[in-house]
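# Reading the structure
Spelled out, the chains give:
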Amino acid sequence: LDVLFKNNYNFINQFPSEKLVLEYSPLIIAGKNNQYDIVKYFLEAKILKNPYFHHLDELINECIKLRNISIIKYVITHYYEHIKTKSITIVNIIKQLNNIEDIVFYLIQCNKCVVTSNIVLICIDKGYTDICKYIYKRFYSDNDLVDSEMHTHLIIKKDNIELLNYFFDMFPKYKTNINYELKKNI
């Protein structure tokens with residue numbers, strides 16, 4: 001611990017250039033090599049002001065590029081409060097990774113993800129039907145959608161009949177709008 005947390009890597013924290021962090025931080029190197037146990041060891045080390053907490057955004061970005069989902073899950077579950085650019089990082093995770101419904105659902109349920117129309121559209125695009133239903137019911141059941149046309153058009157484009165039926169059950173007033181649009185285009 002003395003070797004890893006004292007003088008050798010203090011320069012990374014004093015001059016936190018992204019290039020230095022990406023090239024020399026043992027945490028980032030462990031993440032790039034999918035060394036879950038080593039990443040966990042660095043982050044769980046019982047030292048005051050763990051310097052590796054400052055590298056979490058870079059770690060997540062590198063793990064997104066390399067599809068190291070287990071490390072991403074670990075960091076967002078246990079060290080979310082240390083992520084500097086939370087909303088950007090969360091959107092990047094959702095946008096750039098596929099088949100991560102469990103992560104997205106966790107982020108939304110734990111209020112670690114600000115649910116915006118953009119998040120819903122990404123979920124529609126990725127085919128996360130159950131998450132979309134959950135979001136519509138929890139966040140939009142009493143409100144109007146910001147851009148209902150975009151939602152319905154993307155649902156139709158993705159040919160997701162199950163979600164389209166659910167959408168119209170939740171928001172019946174948009175059904176008449178879409179019927180009018182469809183008749184107009186025929």
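Residues numbered from 1 in each chain as written. Predicted model: local features only at pLDDT ≥ 70, side-chain atom pairs only at ≥ 80, totals over all residues. Heavy atoms only, no water.

## Examining the nonpolar core
Put simply, the rule is: The definition of a nonpolar core used throughout is a set of buried Ala, Val, Leu, Ile, Met, Phe, Trp, Tyr and Cys residues joined through side-chain atoms within 4.5 Å. Relative accessibility decides the category of a residue: with a 1.4 Å probe and only protein chains considered, values under 20% of the type maximum give buried, values over 50% give exposed, and everything between is partly exposed. Numbering of helices and strands starts at the N terminus; helices are DSSP runs of H or I of at least 4 residues and strands are runs of E of at least 2. Contacts are assigned to residue pairs that have any heavy atoms within 4.5 Å of one another.
By size, the foremost hydrophobic cluster in this structure holds 53 residues, and its most contacted members are Leu43, Leu59, Val75, Ile93, Ile124 and Tyr136. Per-element accounting of this core gives the leading share, six residues, to helix α10 (residues 117-126). Filtering out sequence-adjacent residues up to four positions away, isoleucine 93 remains in contact with Ile60, Ile64, Ile72, Ile76, Ile100 and Ile103.

## Quick notes on unusual backbone geometry
In terms of backbone geometry, most residues other than glycine have negative phi values and most peptide bonds are trans. Even without glycine at this site, asparagine 99 takes up a positive phi of about 55 degrees. Summarising the element assignment, asparagine 99 is placed in the loop between α8 (86-96) and α9 (101-109). Residue classification places asparagine 99 among the exposed residues on the basis of a relative accessible area of 71%. With phi around 55 degrees, aspartate 159 is a residue other than glycine that occupies positive phi space. Within the element layout of this structure, aspartate 159 appears in the loop between α12 (148-157) and α13 (161-170).

## Some thoughts on the pattern of salt bridges
We apply this condition: Salt bridges are defined as contacts in which a side-chain nitrogen from Lys or Arg sits within 4 Å of a carboxyl oxygen from Asp or Glu.
Per the stated rule, a full pass over the model turns up four salt bridges. The shortest N-O distance in the salt bridge between aspartate 125 and lysine 158 comes to 3.0 Å. With a gap of 33 residues between them, aspartate 125 in helix α10 and lysine 158 in the loop between α12 and α13 connect regions that are remote in the sequence. Here lysine 158 falls in the partly exposed class, since its relative accessible area comes to 37%.

## Examining the environment of tyrosine 140
Among the structural elements, tyrosine 140 can be located in the loop between α11 (129-139) and α12. A relative accessible area of 10% means that tyrosine 140 is categorised as buried. On a C-alpha basis, the gap between tyrosine 140 and phenylalanine 171 in space is 9.2 Å, while along the polypeptide they are 31 residues apart.

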